[in-house]
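Descriptive analysis of the structure
One letter stands for each residue in the lines below.
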Amino acid sequence: MMAQYDINDIDNEVKTWFRGLNLLIPSLIKQMQTDTKKNRFDLVTNVDQTLESNFEGLIKDLYPDHKLYGEESHHDTTDLKQGYTWVMDPIDGTANLVKQQNDFCIILALFVDGTPTLSYIYDFPRQTLYHAKKGEGAFVNHKRLEQVQAQPLSELIVSFNNKVLNDATMHDLLDASFAYRLIGACGLDSIRVCTGQFGAHIHTNAKPWDIAAQFLFASELGLKMTDFNNKAIDFVRGGPFIISNPGCHDEVLNILLSNGGYHK
Ligand code: IPD
Ligand code: CA
Ligand code: CA
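Residues numbered from 1 in each chain as written. Chains lettered and ligands numbered in written order. Predicted model: local features only at pLDDT ≥ 70, side-chain atom pairs only at ≥ 80, totals over all residues. Heavy atoms only, no water.

Looking at an unreviewed UniProt entry, the protein carries the name Inositol monophosphatase, with the source organism given as Staphylococcus agnetis.

What follows is the structure, given as structure tokens:
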């Protein structure tokens, strides 16, 4: 039989692990080594790799029957919807880390039998931990985040990667919204939607680790998180993703799908 764990104990252990990063990350950045993966824009550093293996160490020590599904070296998708599964992006926004030493975060989420149960997005440069616990709400450091109030797109900032949408779709989104901003780290663009600062963040091909924590933030805060057909996203597969204020979700999807769609 599968071991049962106290979610509050796990939450405390993980928060302690995050605090430990305040010493570890600066020392890793000091000796930063950068490599490319699929192409010259797809970067990985010693920071990404060390954080994922460091978290794996914690899991192996404390929760040996938990599974880790992480961007850098844990891609086995067997049975991820059974038992305790951690999904991790050890550094989201690696290009920002390398080029700006700013605007990067760690994304981490625990799914229990496929249900989003604990979520974390750590904005390391701002020393701000966003976290959510199933049924208990979402928090920024120790402060509870308010439910987001519905607003129309005309009052809201939208965020999307402008390299992946065709020009007509992009202009329609710009015309219909209040303004456009992009941070360039899916976790941080998404968290601005959670705090009500942005109306929507769109990613046309999100990987599971880019959006792992957002499931629980969205449900705890009354936000919408779907694919572009308004369907639930499978946390093991990822894919087209929008997290949005409930007041602008339909309008953004209509724009994405109208006039032949958003593809280039
Ligand atoms: C990237 C960031 C970026 C998004 C890319 C992701 P990474 O993650 O989230 O905002 O546009 O598609 O791959 O590679 O820095 O973890
Ligand atoms: Ca990422
Ligand atoms: Ca990453």
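Read on for the rest.
Concerning the site of ligand 1
The following threshold applies: Residues are classed as near a molecule or strand on a simple rule: at least one heavy atom within 4 Å of it. Whenever two N or O atoms come within 3.5 Å, that pair is a polar contact, provided that in protein one can donate a hydrogen and the other can accept it, and provided that, for residues adjacent in sequence, both atoms are side-chain atoms. Accessible surface area values rest on a Shrake-Rupley calculation with a 1.4 Å probe, where residue burial reflects the displayed protein chains alone. Only runs of H or I of at least four residues qualify as helices and only runs of E of at least two qualify as strands under DSSP, and these elements are numbered from the N terminus. Each residue receives one of three labels: charged for Asp, Glu, Lys and Arg, nonpolar for Ala, Val, Leu, Ile, Met, Phe, Trp, Tyr, Cys and Pro, and polar for the others, Gly being one of them. For the purposes of this description, domain bounds are those given by an automatic or database domain assignment.
In the vicinity of ligand 1, the contacting residues are Glu71, Asp89, Ile91, Asp92, Gly93, Thr94, Asn161, Gly184, Ala185, Cys186, His203 and Asp210. In this structure, an oxygen atom belonging to ligand 1 sits 2.6 Å away from a side-chain N or O atom of Asp92. Between ligand 1 and the protein, one listed contact pairs an oxygen atom with a side-chain N or O atom of His203 at 2.8 Å. For ligand 1, the protein covers 75% of the area, taking 380 Å² as the surface of the free molecule. No other element matches the 3 residues that strand S4 (residues 84-92) contributes to the shell around ligand 1. For the shell around ligand 1, the per-class residue count stands at 3 nonpolar, 5 polar and 4 charged. Residues from two domains meet in the shell around ligand 1; each of domain 1 (7-144) and domain 2 (153-257) gives at least three.

Considerations on the confidence of the model for the protein
To keep it simple, the criterion reads: You can read pLDDT as the predictor saying how much it trusts each residue, on a scale of 0 to 100.
Residue-level pLDDT values for the protein average 97, and 100% of them are 70 or greater. When pLDDT is averaged over each helix and strand of the protein, the minimum, 93, is found for strand S2 (residues 43-45) and the maximum, 99, for strand S6 (residues 115-123).

Remarks on the coordination of the calcium ion (ligand 2)
We count it as follows: Note: metal donors comprise N, O and S atoms at 2.8 Å or less from the metal (3.2 Å for Na, K and Ca); water molecules are not included, so apparent gaps in a site are possible. Between buried and exposed lies partly exposed: a residue is buried under 20% and exposed over 50% of the maximum accessible area for its type, with that area taken using a 1.4 Å probe on protein chains only.
Donor atoms from the polypeptide that coordinate the calcium ion (ligand 2) comprise Asp89 (OD), Asp92 (OD) and Asp210 (OD), at 2.1 to 2.4 Å from the metal. In primary sequence terms, the donor set of the calcium ion (ligand 2) follows D-x2-D-x117-D. Between the two metals, the calcium ion (ligand 2) and the calcium ion (ligand 3), the spacing is 3.9 Å, and Asp89 donates to both. Classification of Asp89 by relative accessible area gives buried; the value is 1%. Given a relative accessible area of 6%, Asp92 falls into the buried group.

Topic: the domain arrangement of the protein
Put simply, the rule is: Should any heavy atoms of two residues lie within 4.5 Å, those residues are considered in contact. Just to be clear on terms, a salt bridge is a Lys or Arg side-chain nitrogen sitting within 4 Å of an Asp or Glu carboxyl oxygen.
Considered domain by domain, the protein is made up of domain 1 (7-144) and domain 2 (153-257). Taking the mean C-alpha position of each, domain 1 and domain 2 sit 21 Å from one another. Counting residues at the interface gives 39 residues for domain 1 and 23 residues for domain 2. Where domain 1 meets domain 2, there are 1 salt bridge. Put simply, Lys81 and Asp234 hold a salt bridge, and the shortest N to O gap is 3.0 Å. Remark: the boundary between domain 1 and domain 2 carries 8 residue pairs in polar contact (both at pLDDT 80 or more). Elements with a minimum of two residues in the side of domain 1 that touches domain 2: strand S3 (67-70), S4, strand S5 (105-112), S6, strand S7 (128-133) and strand S8 (137-140). Per-element tally for the side of domain 1 that touches domain 2: the top contributor is S6, with 7 residues. Its residues placed into classes, the side of domain 1 that touches domain 2 shows 17 nonpolar, 12 polar and 10 charged.

Some words on unusual backbone geometry
Despite not being glycine, Asp103 has its phi angle at roughly 55°, a positive value. When you line up the elements, Asp103 lands in the loop between helix H3 (94-100) and S5. Although it is not a glycine, Gln127 adopts a positive phi angle of roughly 50°. Tracing the backbone shows Gln127 in the loop between S6 and S7. Given the relative accessible area of 39%, Gln127 is considered partly exposed.

Looking at the pairing of S5
The side chains of a regular strand alternate between both faces of the sheet. Let me state the cut-off plainly: Here, strands pair whenever DSSP counts at least two bridges between them.
In terms of burial, S5 is largely enclosed, as 8 of its 8 residues are buried. Judged by which residues are buried, S5 turns out to be covered on both faces: Cys105, Ile107, Ala109 and Phe111 on one side and Ile106, Leu108, Leu110 and Val112 on the other are all buried. Bridge analysis of S4 against S5 gives 7 bridges, and the strand direction is antiparallel. Residue pairing across strands places Asp92 opposite Cys105, the latter belonging to S5.

Things to note about the sheet that holds strand S13 (residues 224-226)
Here 5 strands make up an open sheet; going across it, the order is S11-S10-S12-S14-S13 and the pairing mixed. Only two strands of the sheet have a single partner each, and these edge strands are strand S11 (179-180) and S13. The sheet contact formed by strand S12 (residues 200-206) and strand S14 (residues 239-244) spans 5 bridges and is antiparallel. Following the sheet pairing, His203 is matched in S14 by Phe241.

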